[in-house]
Amino acid sequence: GGWYCFNRENCDTRYDTMRRLMSSREWPATRVGTGILSSQPEENPHWWNANMVFIPYCSSDVWSGASSKSEKNEYAFMGALIIQEVIKELLGKGLSTAKVLLLAGSSAGGTGVLLNVDRVAEQLEEMGYQGIQVRGLADSGWFLDNKQYRRTDCIDTITCAPTEAIRRGIRYWNGIVPERCKLQFKEGEEWNCFFGYKIYPTLRCPVFVVQWLFDEAQLTVDNVHLTGQPVQEGQWLYIQNLGRELRNTLKDVAASFAPACLSHEIITRNHWTDIQVKGTSLPRALHCWDRSLHESNKNGKAPLKGCPIHLIDSCPWPHCNPSCPTIRDQFTGQEMNVIQFLMHMGFDVQKMAQQQGLEPSKLLGMLSSGN
């Protein structure tokens, strides 16, 4: 992951300020795998001994580009081609005898999984490797093309509404989207395929979607900034509504994990085992998903008992789930508990209690215990 750039100006700025996202020249020679890339069973209970390949992001095109540097374009955008080349190279390093290939990514990498998972499966089939089951794991890449809280002009990556940024980006990167998704939309409307809830129904490969209901990157592109000032009521309602909309788009996603937290990215964080939805942790849900795919290949029977894979929080505001990651005040770096956080967000306990038909003290008790 690492956002994107979609025109000459903001790509130049990105090149000057975040070179590692534009070129591999200054990448470190080694790095330690964390979360789902960890080889420690405590940190990665289900996949610690899998073969893992980390593909850093330097194409700035949400893994969709297929254009080389030219007279007209100072930069090359080759995200889609990089993935294809990596797959080719790995076939000679043991992938050819694999049973399962899991393509996983976070943020822009999560959207990249949705855009590339079927293409990888097709590539392997065409090369004669029909036996490899290809699956996707998309973390924090399921964005909504909703109305911004405050509309802004599309000046830079952060303030530009996601639909507009992607619309410009596809042209600039020569971005490719999967055929099956493309066919659902008119020519020139391919940008729709960058939004999870629109591309998901067209995918053939099984995909597990991990998404915070209150994703910080989504709030950023929607122009909700939670720094310093208490949140106004309009913002607070907007945030709650975002959670509702997101929950709605996930209701038909068979394999999903969506905690009601304000955060962004999780699968490579070392605390990824701590977060739970309805008493199930993410590694456990992924293990259940893995098993259900093996089982259903055998005999297509009902989902495994006591092994849930559709896990979406139903409580209505950020951090109503007690296992959410710790929140820090962005200025002081101090940890905040849920009540401090909600007060900071301008949460009106009296008013909320009234709406829920509760005594304020009872509501506070529920909040601090996370019910």
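Above this text you will find the structure in question.
Everything in this summary refers to the structure shown in the same document. Predicted model, so just to flag it, every value in this text is computed and none were measured. Counting of residues starts from 1 at the beginning of each chain's written sequence and follows it residue by residue. Where local features are concerned, this predicted model is filtered to residues with pLDDT of at least 70; where side-chain atom pairs are given and counted, the filter is 80 or more; whole-chain, interface and lining totals use all residues. Calculated side-chain values reflect all of the structure's heavy atoms, with hydrogen atoms and water omitted.

**Observations regarding the sheet that holds strand S2 (residues 133-139)**
Strands pair in a sheet through their backbones, by hydrogen bonds, and they do so in one of two ways: parallel or antiparallel. Paired strands, as defined in this entry, are two strands with at least two bridges between them according to DSSP. Put simply, DSSP marks the helices as runs of H or I at least four residues long and the strands as runs of E at least two long, and each gets a number from the N terminus on. Strand order across the open sheet formed by 5 strands is S1-S2-S3-S5-S9, with parallel pairing between neighbours. With partners counted over all chains shown, the strands left at the sheet margins are strand S1 (100-106) and strand S9 (310-312), one partner each. Neighbour-to-neighbour, the strand axes of the sheet open up by a mean angle of 10 degrees, direction not taken into account. The sheet contact formed by strand S5 (residues 256-258) and S9 spans 3 bridges and is parallel. Across the sheet, residue Phe-257 finds its bridge partner in S9, namely Leu-311. With axes taken as lines fitted to C-alpha atoms, and helix axes fitted only over the stretch in contact, angles between N-to-C directions fall between 0 and 180 degrees.

**Remarks on unusual backbone geometry**
Positive phi is not limited to glycine here, since Val-62 has a value of about 55 degrees. For Val-62, the location among the structural elements is in the loop between helix H1 (8-17) and helix H2 (79-91). Look at His-319: it is not a glycine, yet its phi comes out positive at around 65 degrees. Topologically, His-319 is positioned in the loop between S9 and strand S10 (327-328).

**As for the state of the cysteines**
Disulfide: a pair of cysteine sulfur atoms within 2.5 Å of each other. As enumerated under the stated definition, the model contains 6 disulfides in all. A sulfur-sulfur separation of 2.0 Å characterises the disulfide bridge that pairs Cys-315 with Cys-320. Given an S-S torsion of about 80 degrees, the disulfide between Cys-315 and Cys-320 has right-handed geometry. Accessibility classification places Cys-315 together with Cys-320 in one group, the buried group. Sequence-ordered numbering of the bonded cysteines in the protein chain yields a pairing of 1-2, 3-4, 5-6, 7-12, 8-9, 10-11. Each residue gets one of three labels from its accessible area relative to the maximum for its type: buried under 20%, exposed over 50%, partly exposed in between, using a 1.4 Å probe on protein chains only.

**Describing the nonpolar core**
In these notes, a set of buried Ala, Val, Leu, Ile, Met, Phe, Trp, Tyr and Cys residues joined through side-chain atoms within 4.5 Å is what counts as a nonpolar core. Counting 79 residues, the largest nonpolar core has Val-62, Trp-173 and Phe-194 as its most contacted members. Judged by nonpolar contacts, the second largest core, of 25 residues, contains Trp-47, Ala-285, Trp-289 and Cys-324.

**Considerations on the side chain of His-264**
Tracing the backbone shows His-264 in the loop between strand S6 (262-263) and strand S7 (276-277). A polar contact is formed between the side chain of His-264 and the side chain of Ser-107, at a distance of 2.8 Å. Only heavy atoms matter for contacts: two residues are in contact if any of them lie within 4.5 Å across the pair. What His-264 contacts, discounting residues up to four positions off in sequence, is Ser-107, Ser-140, Phe-143, Trp-212, Asp-215, Glu-216, Ala-217 and Arg-269. Counting of polar contacts relies on pairs of N or O atoms within 3.5 Å, with two restrictions inside protein: one atom must be capable of donating a hydrogen and the other of accepting it, and residues adjacent in sequence are counted only when both atoms are side-chain atoms.

**Some details on the pairing of S2**
The buried count for S2 comes to 6 of 7 residues, which makes it a mostly enclosed element. Where S1 lies against S2, 7 bridges are found, and the strand directions are parallel. Bridge pairing in S2 places Leu-101 opposite Val-134. A right-handed crossover is one whose linking path, passing over the helix from the first strand to the second, runs clockwise when the strands point away from the viewer. In this fold, the crossover linking S1 to S2 by way of helix H3 (residues 108-126) has right-handed handedness. Sheet topology note: the S2/strand S3 (residues 207-210) ladder contains 4 bridges and is parallel. Opposite Gly-136, over in S3, you have Val-207 as the bridge partner.

**Considerations on the pattern of salt bridges**
When a carboxyl oxygen of Asp or Glu lies within 4 Å of a side-chain nitrogen of Lys or Arg, that pair is called a salt bridge. Applying the stated rule across the entire model yields 9 salt bridges. Residues Glu-89 and Lys-93 are paired through a salt bridge, measuring 3.9 Å at the closest nitrogen-oxygen approach. Each member of the pair, Glu-89 as well as Lys-93, carries the same accessibility label: exposed. Here the salt bridges do not stand alone but share partners, grouping Glu-164, Arg-167 and Arg-168 into one network.

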